[in-house]
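Close look at the chain arrangement
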Amino acid sequence: MKNFGAKKPELSELGRVSDRISFLYLEHANLSRQDSALKVLDNKGIVYIPVALVNVLFLGPGVDVTHRAMELMGDSGLAVVWVGENGVRQYAHGRSLNHSSRLLENQAKLVSNRRTRLSVARKMYEMRFPDEDFSNLTMQQLRGKEGARIRKVYQDESKATGVKWTRREYKVDDFESSTPINKALTSAHQALYGLCYSVIVALGASPGLGFIHTGHDLAFVYDFSDLYKADYSIPIAFDMTAKYGNNDIATRVRHAMRDAFSDGKLVEKMVRDLQYLLLDKDADNYRSAEVMHLWDDRNGLQKFGVQYHESDKSEK
């Protein structure tokens, strides 16, 4: 039999989400597999990436990927995201790390009930305003407070960096037509979205079941990322614009975001925050596990992998 390299790793052998490198962005390169590493070839040479230690891989324009490389990325629980130039648009993505559906089921239950959905939304706002009580506020009131907070963040960063600020505006199909600060914000937010997306799907939750945003396949990514913009993407975008202006601003912002994520503290916080939002009291005891059962409308969960037989007539 032909030897195709290292065997598929067991789930327990893979690095935890909180221990992995945040993300890598690649463009104009050929990707193949060398044993348990991703072999990247471009005009500068060859590098090897241990994919089991990376959370999300952005594949930009001009990337050719072999079947064996995709197999390795899938086996290693690496979130693969196909994006546009500079990572500013998302086209497709791969499978998650966690094989348990517990978070997903709980998320679906919470978002499907008006009372619990509002409760989770309030928790998200309370995380941004830790000293305030939002238990009686409506969604309209919550949005108003958040809007005022973000406007102040923009104004404060503008004053601190000297970067002129008017309003947030950009064209999805014309990145270069934006002002330098708006291009920087777009690139910074996209990097943050990618990291949020990778944590969400790696833990088995749905990026589409949002509590505040709705109707989009990344609605929960937008919900989740709003928890971190004021501390990461917004200040980094203003800092990079103040330092470099319009000089390759997208690349410089992406590198700065990668550096800000590099110590892993944000990933660890995201994991804790996600479990807090979707599991609440059970978050501390949560363990991801690859467990499957069969659902039964009368007898609860049944064993998987067992050959069942038709019941006696007396049982019907």
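This text follows the structure it describes.
Quick caveat, the model's predicted, so the values are computed rather than measured.

Mapped onto the secondary structure, Ser-233 falls in helix H7 (residues 233-244). Residue class for Ser-233 comes out buried when judged on its relative accessible area of 0%. A distance of 2.8 Å separates the side chain of Ser-233 from the side chain of His-189, its partner in a polar contact. In this view, Ser-233 contacts Leu-185, Ala-188, His-189, Leu-192, Tyr-228 and Met-257; residues no more than four positions away in its chain are not counted.

Here we take up the nonpolar core. One finds Phe-224, Tyr-228, Met-270 and Leu-278 to be the most contacted residues of the largest nonpolar core, which totals 59 residues. In terms of residues, this core owes the most to one element, helix H5 (residues 180-202), which gives 13 residues. Looking at which domains feed residues into this core, each of domain 1 (11-83 + 288-310) and domain 2 (101-278) supplies at least three. Those residues in contact with Met-270 that sit more than four places away from it in its chain are Leu-192, Leu-195, Cys-196, Val-199, Phe-224 and Tyr-228.

Once that is clear, we can look at the sheet that holds strand S4 (residues 45-49). The strand order across the open sheet formed by four strands is S4-S3-S2-S6, and the pairing between neighbours is mixed. Whereas interior strands pair on both sides, the edge strands pair on one side only; in this sheet they are S4 and strand S6 (63-65). Between one strand axis and the next, the sheet turns through 25 degrees on average, direction left out of account. In this sheet, strand S3 (residues 37-42) lies alongside strand S2 (residues 29-34) in antiparallel orientation, the contact comprising five bridges. From the neighbouring strand, Asn-30 faces S3, where its bridge partner is Leu-41. On the sheet, helix H1 (residues 67-75) packs against S2, S3 and S6 and is oriented at approximately 65 degrees with respect to S2.

How each quantity is defined
- Residues numbered from 1 in each chain as written.
- Predicted model: local features only at pLDDT ≥ 70, side-chain atom pairs only at ≥ 80, totals over all residues.
- Heavy atoms only, no water.
- Helix = DSSP H or I, 4+ residues; strand = E, 2+ residues; numbered from the N terminus.
- Buried < 20%, exposed > 50% of the residue type's maximum accessible area, 1.4 Å probe, protein only.
- Polar contact = N/O pair within 3.5 Å; in protein donor to acceptor, adjacent residues only side chain to side chain.
- Contact = heavy atoms within 4.5 Å.
- Core = buried A, V, L, I, M, F, W, Y, C linked by side-chain atoms within 4.5 Å.
- Domains from an automatic or database assignment.
- Pairing = 2+ DSSP bridges.
- Axes fitted to C-alpha atoms, helices over the stretch in contact; angles between N-to-C directions.

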